[in-house]
Amino acid sequence: MPNIIETKKLDGSDILEINFGPQHPSTHGVFRMIVQTEGEKIRGLRPIFGYLHRNHEQIAENLPYAAIMPYTDRLDYVNALANNFGYALTVEKLASLEVPERAEYLRVIMAELARIVNHITVIGFMLNDLGAFFTPLLYAFRERERILDLFEEVTGSRLMNNYFRFGGVKRDLTALHLATIHQIVAKFPAFLEEFETLLSKNEILCMRCQNVGVLSPETATNAGITGPVLRASGVNYDIRKVDGYSIYHRFDFKIPLGKKGDVYDRYYVRILEIRESLKILEQALAKIPQGEILNKKTVPFIKMPRNFKPPVGEAYGRVESPKGELGFYVVSDGTPQPWRYHVRAPSLINLTVLEEMCLGQKIADAIIILGSIDIVLGETDR
Amino acid sequence: MPLFMEEVQKELHAGLPDVKLRRVLNSLLLENPKDLPRVALFLKQSPKFRLDYLSSVTGADYLDSLESVYHLYSMALKRGPLTLRVRVPKNHPEIPSLVPIYRSANLQEREAFDTFGIIYKGHPDPRRLFMWEGFEGYPLRKDYQQEDVDVLEAADITWLASRGIAIPEDMKAKAAELAAAGKRALVGKPEKPRN
């Protein structure tokens with residue numbers, strides 16, 4: 001239960017300062033905020049970070065490049081593959097490495113599966129915060145389980161995948177795996193239909209979510225908001241389209257946009273994004289070629305990671321992680337460890353506008369606004 | 001993206017002729033940190049670039065100086081990135097804040113202050129982000145001294161001993177030695193940075 005810090009009287013009305021978190025289930029981890037309330041209304045909100053801080057950047061600066069890969073899994077632990085993708089992309093930029101054709105397809109397939117996992121998890125937990133206690137979440141988890149089983153078979157781990165290597169991936173997908181993915185993709189729309197029948201037009205969901213936590217496109221751009229939260233506000237900005245990194249420019253997919261930028265739009269944009277991810281998966285499965293899965297130049301470094309020394313230089317690589325723009329800034333000084341390694345965490349920067357979205361709303365709405373931003377504390381606090 | 005950078009450099013020369021620029025790797029270095037808000041505002045408003053999105057702000061330690069690195073993109077024109085760098089001496093690390101122009105700098109500048117000790121002048125909320133209040137030092141600087149995990153402080157030893165926890169003799173001896181010398185349990189880092 002939130003414990004009260006102090007009560008103050010202001011303009012004859014009672015402003016109550018409440019501590020929320022860090023040990024609270026609906027903070028999705030160890031996030032803490034100090035909320036000032038007047039009755040049921042929120043008058044001020046101050047987030048406090050750092051409860052899961054482990055100085056990820058300093059740990060990484062003392063490790064060989066290849067050894068950082070498993071650490072990136074721990075950033076956004078709901079979809080480790082997107083983090084792997086960003087880091088691998090940055091180091092490849094730094095060392096000018098090329099990725100074989102088949103490996104690019106494998107990367108896209110795995111990253112899109114991870115996006116689906118992330119989005120259904122987020123929607124499930126958001127509905128949990130709304131009071132739809134665990135029923136939709138478990139429906140979502142049933143589907144998530146199929147994908148995680150595949151991840152386990154391919155990468156050896158359900159969550160901490162550590163699947164990407166510089167210039168390729170760790171393990172190939174067999175014909176059987178591809179058939180399993182085919183099946184998952186084929187069955188998924190039916191699940192989404194079921195999910196949407198129960199939820200998307202549900203009166204309670206609409207009443208709770210519509211016109212709550214509205215974020216204007218101008219504020220969103222200025223505050224550096226990215227990902228589904230930005231697109232729910234109607235700004236057409238998806239790094240998969242803009243940068244066309246890896247082989248995303250070859251696929252035909254749309255960018256779902258919201259109209260109002262409220263919690264409902266954020267929920268619905270994610271549902272639509274799952275559908276687009278399925279489209280990408282279908283195309284990738286149809287076109288995947290045979291061939292190498294790892295650049296020949298990097299093969300020797302798998303056994304001797306300390307010999308991998310990118311030339312002096314800097315690189316900023318970014319990917320469209322399901323949370324937003326995940327950027328890695330790496331400076332090399334020609335030694336086996338990076339001189340500077342920085343993670344631009346979307347979960348942290350998307351919280352810049354949390355106070356603004358919550359002002360004037362009810363206490364219960366603040367919980368779903370936080371849920372709809374989709375934060376993972378492993379990434380926020382690093 | 002070097003082409004984009006050259007274009008920006010040319011435009012900046014024409015628009016703000018008194019700003020001194022230098023190319024470092026793939027980025028533009030502003031010689032005078034005070035120019036930063038002017039340059040940022042110019043690039044944000046310029047119809048040719050419209051760099052309306054500040055993606056990343058971070059610090060970096062180059063031993064004799066600290067740097068703040070900015071990655072700018074345009075959401076409207078879908079261009080970028082432009083990397084701006086600002087270099088300041090380590091004993092006087094003051095850089096004007098970009099929060100009035102880009103709100104996305106808010107938490108990121110706090111993070112750079114927390115980990116590098118770069119002071120962003122004009123930041124609306126200049127507190128540490130991750131570390132607690134009263135924490136000393138800046139952990140991402142190369143000269144930061146970490147506590148030695150293999151050595152317990154004398155106070156820890158007495159605390160553990162009072163709870164009946166067995167502690168190895170050599171640990172006790174080393175902690176006593178450090179306490180006698182009036183030092184905290186710190187590990188010495190090599191004089192020279194690696195490379």
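In case you missed it, the structure is sitting above this.
Residues numbered from 1 in each chain as written. Chains lettered and ligands numbered in written order. Predicted model: local features only at pLDDT ≥ 70, side-chain atom pairs only at ≥ 80, totals over all residues. Heavy atoms only, no water.

**Here we look at the sheet that holds strand 8 (residues 324–332) of chain A**
All names here are of chain A.
Then comes step 1: In space, the 3 strands of this open sheet follow the order 7-8-9, with antiparallel pairing throughout. Of all strands in the sheet, those with a lone pairing partner are strand 7 (313–321) and strand 9 (338–344), marking the two edges. On average, each strand axis in the sheet is inclined to that of its neighbour by 10 degrees, with strand direction left out of account.
Then comes step 2: Relative to strand 8, strand 7 runs antiparallel, the two being bridged by 9 bridges. Residue pairing across strands places G313 opposite S332, the latter belonging to strand 8.
Then comes step 3: Sitting on the sheet, helix 3 (residues 80–95) touches strand 7, strand 8 and strand 9, and the angle it makes with strand 7 is about 150 degrees. (Pairing = 2+ DSSP bridges. Helix = DSSP H or I, 4+ residues; strand = E, 2+ residues; numbered from the N terminus. Axes fitted to C-alpha atoms, helices over the stretch in contact; angles between N-to-C directions. Contact = heavy atoms within 4.5 Å.)

**Some details on the pattern of salt bridges**
Think of it this way: side chains of opposite charge can pair up when their charged atoms draw near.
Then comes step 1: A full pass over the atoms with the stated rule returns 46 salt bridges over all chains.
Then comes step 2: Residue A:D73 pairs with A:R74 through a salt bridge whose shortest N-O separation is 3.9 Å.
Then comes step 3: Residue classification places A:D73 among the buried residues on the basis of a relative accessible area of 0%.
Then comes step 4: Assessed through its relative accessible area of 39%, A:R74 is described here as partly exposed.
Then comes step 5: The closest approach of N and O atoms between B:D143 and B:K90, which form a salt bridge, is 3.8 Å. Here the residue B:D143 occupies a position in the loop between strand 7 (119–121) and helix 4 (154–162), and B:K90 occupies one in the loop between strand 5 (79–89) and strand 6 (94–96), the gap between them amounting to 53 residues. (Salt bridge = Lys/Arg side-chain N within 4 Å of Asp/Glu carboxyl O. Buried < 20%, exposed > 50% of the residue type's maximum accessible area, 1.4 Å probe, protein only.)

**Remarks on the packing of aromatic side chains**
Then comes step 1: Scanning the model with the defined rule gives 26 aromatic pairs over all chains in all.
Then comes step 2: A ring pair is formed by A:Y264 and A:Y267, whose centres lie 5.7 Å apart and whose planes are at 50 degrees; its orientation type is tilted. Remark: A:Y267 and A:Y264 occur in helix 11 (residues 263–287); sequence separation between them is 3 residues, near one turn of the helix. Each member of the pair A:Y264 and A:Y267 is classed as buried.
Then comes step 3: Note that B:K44 overlies the ring of B:Y102, its terminal NZ or CZ placed 5.4 Å from the centroid. (Phe/Tyr/Trp six-rings, centres within 6.5 Å; stacked < 30°, edge-to-face > 60°. Lys NZ or Arg CZ within 6 Å of the ring centre and 35° of its normal.)

**Describing the interface of chain B and chain A**
Then comes step 1: Facing the 45 residues of chain B at the interface are 45 residues of chain A.
Then comes step 2: Our count for the contact surface shared by chain B and chain A stands at 4 salt bridges.
Then comes step 3: Residue B:K142 is joined to A:E61 by a salt bridge in which the shortest nitrogen-to-oxygen separation is 3.3 Å.
Then comes step 4: Those elements giving two or more residues to the side of chain B that touches chain A turn out to be strand 3 (53–61), strand 4 (65–74), strand 5 and helix 3 (105–116) of chain B.
Then comes step 5: The residue makeup of the side of chain B that touches chain A, split by class, is 21 nonpolar, 14 polar and 10 charged. (Nonpolar A, V, L, I, M, F, W, Y, C, P; charged D, E, K, R; others polar.)

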